[in-house]
Structure formats: C-alpha cells, structure tokens
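Inside the fold
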Amino acid sequence: MTDSNWTQLENHKAPALLSLFESDADRVAKLTVELAGIRFDLSKTHLDDTLLPGFSALADETQLVAAKEALFSGAIVNPTEGRAAEHSAERGTGNPDAVAHARELHNRMRSLIDAIDAGALGEIEHVLHIGIGGSALGPKLLMDALGREDVRYNVKVVSNVDGAALTEAVATMDPHKTIVAVASKTFTTTETLLNASSAIEWMRKGGVTDPYSQFVALTAYPEKAIEWGIDESRVLPFNEAVGGRYSLWCSIGFPVALGLGWAAYEELLEGAAAMDRHFRTAPTLENAPTLAAFSDLYYAQCRGCQTRAVFAYDERLRLLPDYLQQLEMESNGKSVTTQGAPLGRHSSPVTWGGVGTDAQHAVFQLLHQGTHLIPVEFIASKTPGHDFDSAHHEALLVNCFAQGAALMTGRASDDLARNYEGNRPSTTLLLDDVTPGTVGALIAFYEHRTFANAVMLGINPFDQFGVELGKQIAKEIGENGPSGFDPSTTALIEAALGDL
Ligand SMILES: O=P(O)(O)OC[C@H]1O[C@H](O)[C@H](O)[C@@H](O)[C@@H]1O
C-alpha cells in the first residue's frame, strides 16, 4: 500500500462526533447496517466523508475484494502454512468441494449424535468437552449463551491444565453417564491430552470398566486420535484447512450440536452463512464487517489507540470478550507482512472487555475520563433471556445506550474533576434476540472484520507462530530441568518444582 494513503488518513482532522450528526441528518441510516437479526450502528465513530472514501481507497488498493474471493474460493490465503481457510465452507458458502466435504463430515457428526440420543453409548446425561484455545472457546461461549434452558445434555468445557478445572467440571457428573469429547485440531496439545488422560482415570476410579468406549475425538488428524485409543467410529474429523479459532462450525461444535440439538446447530451455521453472503457481496459502504474494520484501523493506526473494549450488555454473551481475544489477537497480533517484511505499523489492538452493567461500576471511569482513547463496543439484545420483571431488561438497555451517549456527548464542568470531555467513540450491535442464528451471524461478523483488518494491514491472520516458543521452552524445562535458563527462571523452577 502506498504510504500516501495512510498519511492522508493519519492527517485527517476528525470533526467532533456530535458535529458529524449535526452536519448530516442521515448519518444514523448511513452508518447503520441491519442484517441477520442484528443492527450494527457505527454512527458514533469518527468515520466521515473523508475517512470513508479514504479507507475505501485503501481497501481497493489492498485488493480486499480479490482477497475475499480468494478466501471464499478456497485459495491459499495462509501462505506461511500453505493453506486455504475453509471455515465458510462449513456453513455452506464458499468453495464447492470443501462445502461437499464439510457436509459429509457434518452428516457423520449428526449420525453419531442420533446414535447417542438413541442410547448407543448407554444412558448419557453429561458431556465433558476437553480442549483449549480454539478447541474450547467457541463451544464454551455457545453453551453459555444458548444452553441456559431446554438443554439436552449437561455440557461442561474444560481447558486449563490446572487440575482444579477438571475437578470442578466433573464434580456434578456421573462417569457412567458421561461422554468425553476430546477436541484438538492437532491432537498433540499437551494440556488437552493430559486432561483427557485424567478423565480416563476419573472414569476408572468411578467404576467404568472401558472408559475409552465413552470417548469421542474431534480433530483434523483422526489417525492420532485412533492411536491415542479412541475407536474410529467415534472420531469426528474435520478439514485441516479450518483454523483452530474458526473451528466451532465443524466437529469442534459437537457438544453444541449435541447439547442444543441439530436444528439449533444448523440455525447457527445458517446465521453465519447469511453474514458470509453479506460480506462477500455487499458494497463497501454497506458492508458491516468492512465498515467495522475501517473503524478499527482508524483508531488503531491513526489515533494511536492500543486497545479496544467490548462490553456485552447481556449475561448470555458474557464470554464474548474472551472469544474475541483469541480471534482478534491471535489472528492479527503479527509484526510481519504476508511478504515477510516488517509491518512497520501497529498490528491488532489489545481486545479486552467485560459485561454491562457490572463494568460501569469498575472500569468505565477510565473510559470516560482517562487519558487513553479507547473505542468501545456495546453488544445488547432487544429480547431478554429471563422471565423476571421487564424492569431488568429496560435497566440493562437504558444503561447500555446511556453509556454510548455519555462517551460521545460528554458534559462540561468548570470543575475539571467533574468534566466529561466526550467525543469518545463507540459502536453498538443490537441483536433482536440471542438465538443460534444471531449468534452465528455475530461470530461470522467478527471473523470477517478480523480478516478485513488483516488484508488492509497486509498481514496473514491465519497462522500463529507466536504461541510456539513458550511451548518449546516448557518442553525444554520438562526435559532438561532447571539448568540452562536465565537466573530468574531457574530460581523459580527450583523454588516451586525442585530439580524436576
Ligand atoms: O486444537 P489444538 O490443536 O489442540 O490447538 C489448540 C490451540 O492451541 C494452539 O497453541 C493455538 O494457539 C490455538 O490456535 C489453538 O486453538
């Protein structure tokens, strides 16, 4: 990309947010996109008649349209690993060969679910899903968001290698009535395999004579799962061109399909497919993921914002910030371009956040009066997820909208301690309800927004070599003991673990 494009964007003297509304009566309509049961309101960002064409030019220059076609057609978009990124094929859009393959594998998953429902694995009440990173965050988010009532099985997700996590998960489970789903794309992740071995031990101690017969594997490397001891009939493979953090749409979603039922799982996929079609075909200035990426890039690159904050004003979506941290930071936390050159600018901002209204009473002080400029994202639902008095939901939504207004409008006071300068940006995503369809569309929206950010920055969002060094050093410590490391690390190992 030419430096002049960025220079122009960086030099833009952005008018105050309120003045953007004053000078354009249609601003809300222009910067609001509605689709798949979600209203995306970007009007409280600084995107204006200079920045929108400026970022559109950048999108053209970085060939976003061609990049999207490459993504959806199954071309190699992950050059460092020589792979396509086929997550959209899992929801029926994109490369027809990969779509057909995904359908076959989904059918296989559905057959196993039908068999479990029919009692083929005995009387099952619980599902213990063991995985980490992309093999855990999606199922965890989805079961927490959608599995609060009418859930068919008690699903628990365990990721941490800290045995306390497994202890807590199995506390209410009867090992005779439990299926363990070992979820690992590579089937080599040490935390997951250790937790899986301990789950075998838990079952044995609980009197299960053949624990392996209650194990299911979700993996892109079925031969490894078979070698580990899981019968081929209970191995649910997926396409290795589906990245870990994009894998809830394939067999990693098994506990979701089992827990919520197949119809709900299909609704989730269809919600994501609607977002795929939108991202692929909607014009730039009506394209929700693309506009959101423009806003991300503006604040991170042109206004020096090192973080962005996401607040779910809905208890059902409380795990969304955790999910987005992996999606956005693992995808776009890179300092080299796809050409292998230094990036020369900031990569992804830090994603953080929490749940409203709680966060208002904890971290919002800094958002309103701190010296950092932090773009904020609010996610709310028009429909409540409970039957208590409607006063609860009204209070929740009123607070959500009040925060966005307060950040933008501010309120002047001669007493500087009580002065709110305002002009602080936010986006609001308003769902009709929290359903499999809207959550599917929401997650796909974030995937595509992350992709659009990466394309315009010129980085590969589909690899994650940055996580490998820590794993290697952990292995070296395990193999070599405390010696050979820096003095601090050696002293810590000796203090806590002796000489191993
Ligand atoms: O699914 P697995 O192969 O077990 O990998 C689990 C996770 O660990 C890795 O270290 C990566 O950082 C993640 O992208 C991945 O989702």
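One numbering rule holds for all chains: residues counted from 1, following each sequence as written. Side-chain atom pairs in this predicted model are given and counted only at pLDDT of 80 or more, local residue features only at pLDDT of at least 70, and totals for whole chains, interfaces and linings cover all residues.

**Overview of the overall build of the protein**
Spelled out, the test is: Secondary structure counts use DSSP, requiring at least four H or I residues in a row for a helix and at least two E residues in a row for a strand, with both numbered from the N terminus. Each radius of gyration is computed over the set of C-alpha atoms, and the globule rule expresses the reference value as 2.2 Å times the number of residues to the power 0.38. Between the buried cut of 20 or more and the exposed cut of 12 or fewer other C-beta atoms within 10 Å of a residue's own C-beta lies the partly exposed class, and all C-beta atoms are placed from the backbone. For every residue pair, C-beta atoms are placed from the backbone, and the pair is scored as a contact if these atoms sit within 7 Å.
In terms of regular secondary structure, the protein is built from 20 helices and 11 strands. Relative to a compact globule of 500 residues, whose C-alpha radius of gyration would be 23 Å, the protein shows 24 Å and is just as compact. Seen along its three principal axes, the alpha-carbon backbone of the protein occupies a region of about 75 × 60 × 50 Å. Across the 500 residues in the protein, those meeting the buried criterion constitute 46%. Residue pairs in contact within the protein that sit at least 24 positions apart in sequence constitute 74% of those at least 6 positions apart.

**Here's the deal with the packing of helix α14 (residues 288-302) against helix α18 (residues 436-457)**
Selection rule: For helices, the axis comes from a line fit to the C-alpha atoms of the stretch in contact; other axes are also lines fit to C-alpha atoms, and the angle between any two N-to-C directions lies between 0 and 180 degrees. By definition in this entry, angles of less than 35 degrees are roughly parallel, angles greater than 145 are roughly antiparallel, angles of 65 to 115 are roughly perpendicular, and the rest are oblique. When the near helix sits turned anticlockwise from the far one by under a right angle, the crossing is termed left-handed; a clockwise turn instead gives a right-handed crossing.
Here α14 crosses α18 at 55°, and the two axes come no closer than 8 Å. Taken together, the axes of α14 and α18 are oblique relative to one another. Relative to α18, α14 is oriented so that their crossing is right-handed. Residues Ala-288, Pro-289, Thr-290, Ala-292, Ala-293, Asp-296 and Leu-297 of α14 form the contact with α18, whose participating residues are Phe-445, His-448, Arg-449, Ala-452, Asn-453 and Met-456.

**Digging into the site of the ligand**
Let me state the cut-off plainly: All residues are tested the same way: a C-beta atom is placed from the backbone, and lying within 6 Å of a molecule or strand makes the residue near it. Residues were grouped as follows: Ala, Val, Leu, Ile, Met, Phe, Trp, Tyr, Cys and Pro as nonpolar; Asp, Glu, Lys and Arg as charged; and all remaining residues, including Gly, as polar.
Looking at the ligand, there are 14 residues lining it, with Gly-133, Gly-134, Ser-184, Thr-189 and Gly-244 nearest. In terms of residue class, the shell around the ligand is built from 2 nonpolar, 9 polar and 3 charged.

**Here we look at the sheet that holds strand β9 (residues 350-355)**
Pairing between sheet strands relies on hydrogen bonds along the backbone, with the strands arranged either parallel or antiparallel. In plain terms, the rule: Any two strands are treated as partners once DSSP identifies two or more bridges connecting them.
Reading across the sheet, the 6 strands line up as β1-β2-β11-β10-β8-β9 and stay open at both edges, with mixed pairing between neighbours. Each edge of the sheet is formed by a strand with only one pairing partner; in this case those strands are β1 (32-35) and β9. Across the sheet, the mean angle separating the axes of adjacent strands is 15° when strand polarity is ignored. Taken together, the 5 bridges between strand β8 (residues 307-313) and strand β10 (residues 376-381) define a ladder with parallel strand orientation. Bridge assignment links Val-310 to a residue of β10, and that residue is Glu-377.

**Focus: the domain arrangement of the protein**
Worth spelling out the cut-off: Residue ranges assigned to the domains are those given by an automatic or database domain assignment.
When the domains of the protein are assigned, the result is domain 1 (3-82 + 268-465), domain 2 (89-266) and domain 3 (466-497). Computed from C-alpha coordinates alone, the two centres of domain 1 and domain 3 are separated by 38 Å.

**Let's talk about the packing of helix α8 (residues 137-146) against helix α15 (residues 320-332)**
Relative orientation of the contacting elements α8 and α15 amounts to 155°, with a least axis distance of 9 Å. As judged from the angle between their axes, α8 and α15 are roughly antiparallel. Judged by the sense of rotation from one axis to the other, the crossing of α8 with α15 is left-handed. In this structure, α8 contributes Leu-137, Gly-138 and Leu-141 to the contact, and α15 contributes Leu-320, Asp-322, Tyr-323 and Gln-326. Broken down by class, the residue content of the contact of α8 with α15 amounts to 4 nonpolar, 2 polar and 1 charged.

**Structural notes on the pairing of strand β4 (residues 154-158)**
Spelled out, the test is: Note on handedness: a clockwise path from strand one over the helix to strand two, with the strands aimed away from the viewer, defines a right-handed crossover.
With respect to burial, β4 is a largely interior element, 4 of its 5 residues being buried. Sheet topology places strand β3 (residues 126-130) next to β4; 5 bridges connect them, and they run parallel. The residue of β4 that forms the bridge with Val-127 is Val-155. For the segment spanning β3, α8 and β4, crossover handedness is right-handed.

**Side note on the confidence of the model for the protein**
Close inspection of predicted coordinates is inappropriate in any region flagged by low pLDDT. Put simply, the test is: By definition, pLDDT measures how confident the predictor is in each residue, and it falls between 0 and 100.
Summary statistics for the protein give a mean pLDDT of 96 and a share of 99% for residues scoring 70 or more. Both confidence scores are given for the complex: pTM 0.97, ipTM 0.98.

**Re the UniProt feature "active site" (unreviewed entry) in the protein**
To keep things clear, this is the line we draw: UniProt positions are given in the numbering used here, feature names are shortened, and annotations may be inferred rather than shown by experiment.
UniProt annotation of "active site" (unreviewed entry) refers to Glu-330, His-361 and Lys-471 when read in the numbering used here. Spanning 142 residues, the named residues are also spread out in space, since their farthest C-alpha pair is 37.4 Å apart. Mapped onto the secondary structure, Glu-330 falls in helix α15. When the 22 C-beta atoms within 10 Å are taken as the criterion, Glu-330 is described as buried. Relative to the elements of secondary structure, Lys-471 occurs in helix α19 (residues 468-480).

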